[in-house]
Amino acid sequence: MSSLRTAHCASCNAAGLPVAEGNGQLLQVACSRCGKVNDVLPFPALFNPATGKPPSLTDDPPGEGESACFYSPQRKATKECSHCGVLVSDAWAAAWGSKTVCLKCLEHLRSDAKNVDFQSKRLLWDNIILTLAILPILFYPALVITAPAALILGFWHWNSPRSLIPRTRIRLIIGMVIALLQIAAIGFLIYFLATR
Ligand SMILES: [Zn+2]
Ligand SMILES: [Zn+2]
């Protein structure tokens with residue numbers, strides 16, 4: 001059976017790039033719209049309708065005294081959503097950080113930018129503070145303003161969520177130490193000029 005499958009062009013996103021069945025090697029397919037040659041690696045599942053579908057979930061009915069999944073009642077509940085509290089089966093549960101949430105809540109919380117635990121983007125204050133401490137050295141009269149600003153921001157954001165991946169305070173601390181040294185240098189300069 002030789003069925004023809006298609007792919008999207010990686011360069012211009014045009015649909016309909018013909019993909020031939022391969023033996024696990026990289027195919028070179030030119031895009032008819034933009035002319036770019038795409039490297040395509042077709043997996044066997046693309047041409048096998050049986051493996052092309054996700055496996056269907058086996059029923060796992062709740063036993064006597066066990067709770068049923070809120071979304072698939074024919075499956076037994078194994079997890080509790082830490083956000084809305086419904087009991088769900090593994091198929092309907094997702095781990096987010098250290099929490100377990102149901103898929104409905106996951107979708108809802110990911111679109112809620114105000115929820116710190118579920119942000120998909122986060123401002124990296126430590127990078128901002130470190131940049132604020134280092135960059136103005138090139139325009140050193142600005143240090144009178146930027147050094148105290150970096151230090152204040154450092155204290156202000158000491159407990160702010162740092163990053164979606166685990167990250168230490170090291171950048172924040174380095175930025176604050178540099179700012180402190182700059183303030184000391186400014187103080188020394190003022191003292192030196194005043195007592196001359
Ligand atoms: Zn293209
Ligand atoms: Zn939930």
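Heads up: the structure comes first, above all this text.
Now for a look at the structure at hand. (Residues numbered from 1 in each chain as written. Chains lettered and ligands numbered in written order. Predicted model: local features only at pLDDT ≥ 70, side-chain atom pairs only at ≥ 80, totals over all residues. Heavy atoms only, no water.)

### Observations regarding the overall build of the chain
- Check the secondary structure of the chain and you find 5 helices and 8 strands.
- Listing every helix and strand of the chain by position from the N terminus yields β-β-β-β-α-β-β-β-β-α-α-α-α.
- Considering only contacts within the chain whose residues lie at least 6 apart along the sequence, 28% involve residues at least 24 apart.
- Surface exposure of the chain reaches about 13,800 Å², of which carbon and sulfur atoms provide 63%. (Helix = DSSP H or I, 4+ residues; strand = E, 2+ residues; numbered from the N terminus. Contact = heavy atoms within 4.5 Å. Areas by Shrake-Rupley, 256 points an atom, 1.4 Å probe, with all protein chains shown as cover.)

### Some details on the coordination of the zinc ion (ligand 1)
- Summarising the metal site, the zinc ion (ligand 1) is bound by the protein donors C9 (SG), C12 (SG), C31 (SG) and C34 (SG), whose distances to it range over 2.3 to 2.4 Å.
- The sequence pattern describing where the donors of the zinc ion (ligand 1) fall on their chain is C-x2-C-x18-C-x2-C. Note that C12 is positioned in the loop between β1 (5-7) and β2 (17-19) and C34 in the loop between β3 (27-30) and β4 (37-40), a separation of 22 residues in sequence.
- Note on C12: relative accessible area 22%, which makes it partly exposed. (Donors = N, O, S within 2.8 Å, 3.2 Å for Na, K, Ca; no water. Buried < 20%, exposed > 50% of the residue type's maximum accessible area, 1.4 Å probe, protein only.)

### Brief notes about empty space enclosed by the protein
- According to the stated counting rule, one finds 1 cavity of 30 Å³ or more in the structure shown.
- Counted as a void, the largest cavity has a volume near 60 Å³.
- Lining the largest cavity are L123, L124, W125, D126, H157, S160, P161, R162 and L172.
- In terms of residue class, the lining of the largest cavity is made up of 5 nonpolar, 2 polar and 2 charged. (1 Å grid on protein atoms, 1.4 Å probe; cavity = no way out; pocket = protein on both sides within 12 Å on 5 of 7 lines; lining within 4 Å. Points joined across faces, edges and corners; volume = space filled by probe spheres on them. Nonpolar A, V, L, I, M, F, W, Y, C, P; charged D, E, K, R; others polar.)

### Quick notes on the coordination of the zinc ion (ligand 2)
- With distances of 2.3 Å, the protein atoms coordinating the zinc ion (ligand 2) are C81 (SG), C84 (SG), C102 (SG) and C105 (SG).
- Here the zinc ion (ligand 2) is ringed by 4 donor atoms whose angles at the metal span 103 to 116°, and the overall shape comes out tetrahedral.
- Each donor residue of the zinc ion (ligand 2) lies on the same chain, and together they follow the pattern C-x2-C-x17-C-x2-C. You can see C84 sitting in the loop between β5 (79-80) and β6 (87-88) and its partner C102 sitting in strand β8 (residues 99-102), a full 18 residues away along the chain.
- The buried category is assigned to C102, whose relative accessible area is 0%. (Tetrahedral: all angles 85-135°; square planar, octahedral: opposite > 155°, others 65-115°.)

### As for the pairing of strand β7 (residues 93-96)
- As defined by bridge partners, β7 adjoins β8 across 4 bridges and the pair is classed as antiparallel. Note on β8: the bridge partner recorded for W96 is K99.
- Hairpin connection, β7 to β8: the antiparallel pair is bridged by 2 residues, and G97 has positive phi, about 65°. (Pairing = 2+ DSSP bridges.)

### Things to note about unusual backbone geometry
- With phi around 65°, N13 is a residue other than glycine that occupies positive phi space.
- Summarising the element assignment, N13 is placed in the loop between β1 and β2.

### A short note on the packing of helix α3 (residues 125-134) against helix α4 (residues 143-156)
- Taken N-terminus to C-terminus, the directions of α3 and α4 make an angle of 160°; their axes are 8 Å apart at the nearest point. Judged by the angle between their axes, α3 and α4 are roughly antiparallel. When the axes of α3 and α4 are compared, the crossing they make is left-handed. Contact residues: α3 offers W125, I129, L132 and A133, while α4 offers T146, A149, A150, L153 and G154.
- Its residues placed into classes, the contact of α3 with α4 shows 7 nonpolar, 2 polar and no charged. (Axes fitted to C-alpha atoms, helices over the stretch in contact; angles between N-to-C directions. Parallel < 35°, antiparallel > 145°, perpendicular 65-115°, else oblique. Left-handed = near helix turned anticlockwise from the far one by under 90°.)

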